[in-house]
Amino acid sequence: MSVIHTIKETPSNPQGLCALTTGNDASLLAYPGSDANGLVQIFDCKNLRNLSTITAHDNPLAALAFDQNGQKLATASEKGTVIRVYAVANGQRLFEFRRGVKRCVAISSLSFSVDSLHLAVSSNTETVHIFKLEGTQPAEVESAGLFSYFNSALKVAASYLPYNASDVLNQDRAFATVHLPSSGLKTLCGIRAMNDSPRVLVVAQDGFIYIYTLDPTEGGECVLYRQHNLADEGRSRFEQSRCEHTFLFRRKLPAIGREANSILIG
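Now for a quick tour of the structure. All values reported here derive from a predicted model rather than from experimental measurement. (Residues numbered from 1 in each chain as written. Predicted model: local features only at pLDDT ≥ 70, side-chain atom pairs only at ≥ 80, totals over all residues. Heavy atoms only, no water.)

### So, the pairing of strand S14 (residues 197–204)
Pairing of strand S13 (residues 187–194) with S14 involves eight bridges; the strand directions are antiparallel. Bridging across to S14, Cys189 finds its partner in Val202. Between S13 and the antiparallel strand that follows it, S14, lie two residues; Asn195 among them carries a positive phi value of about 55 degrees. One ladder, built from five bridges, connects S14 with strand S15 (residues 208–213); its direction is antiparallel. (Pairing = 2+ DSSP bridges. Helix = DSSP H or I, 4+ residues; strand = E, 2+ residues; numbered from the N terminus.)

### Let's talk about the pattern of salt bridges
Across all of its chains, the model carries three salt bridges by this definition. With a closest N to O distance of 2.8 Å, Glu96 and Arg93 form a salt bridge. The exposure class assigned to Glu96 is buried, which follows from its relative accessible area of 9%. Note that Lys132 is salt-bridged to Glu134, the shortest N-O span being 3.8 Å. The partly exposed category is assigned to Lys132, whose relative accessible area is 24%. The network of salt bridges with common partners includes Arg84, Arg93 and Glu96. (Salt bridge = Lys/Arg side-chain N within 4 Å of Asp/Glu carboxyl O. Buried < 20%, exposed > 50% of the residue type's maximum accessible area, 1.4 Å probe, protein only.)

### Focus: the packing of aromatic side chains
One pass over the full model with this rule turns up four aromatic pairs. For the ring pair Phe95 and Phe97, a centre distance of 5.8 Å and an interplane angle of 10 degrees mean the geometry is stacked. Given the relative accessible area of 1%, Phe97 is considered buried. Here the aromatic rings of Tyr210 and Tyr212 are separated by 6.4 Å at their centres, their planes lie at 40 degrees, and the arrangement is tilted. (Phe/Tyr/Trp six-rings, centres within 6.5 Å; stacked < 30°, edge-to-face > 60°.)

Structure, rendered in structure tokens:
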């Protein structure tokens, strides 16, 4: 095995933060372009060249993820309040979501659904947020009632406000949420189809894996469908294997003793 290419002059990246495309359409690598802000470098691994640079956040990056076909890139910063989605081809910001405003958190994972219509975000809090990547049509806003009219008016007013204030008003909230039993643990999340139904999977640092139902139309609070303690199951399998080996050894012990005696006597 030999080195084909080396990407030089990369910033300090102690967490090894990067993202790789998983589909067959593209072979892309995303990694931090700076340790002082949220600059993202996208590298074309097939043609061995820098593809583009995206200024995603003011603060250093905390998480990166490509969608299934490598056309979208989700980003989060160390501040942890805003999630952004960019078009890989031209670096255009497609979506901006607000995870929360009350506290800064450590975003630990971002994960697109296979159809790229939902984005799951987990952190060291007890809440996993699922955002819907879907544009709002003007006709829907006009016919959706007073709340939508008020929301639309806010976004129009935001265009007259300073940049930071208008960004807050234009950010969309979570489409669905998962509430875990505890907080303070690093978690990884994903959205996958199980039995033809979307499920949110969350793996926690303490060895638990949680599976929640996700309503792709209505969203809302996800319901716990199943949970497993991987640590206990691993210990149980180990104990079972040890008991089986002990049982077999005890069954064979008399025969081994007879063979040893016959050798000594003989």
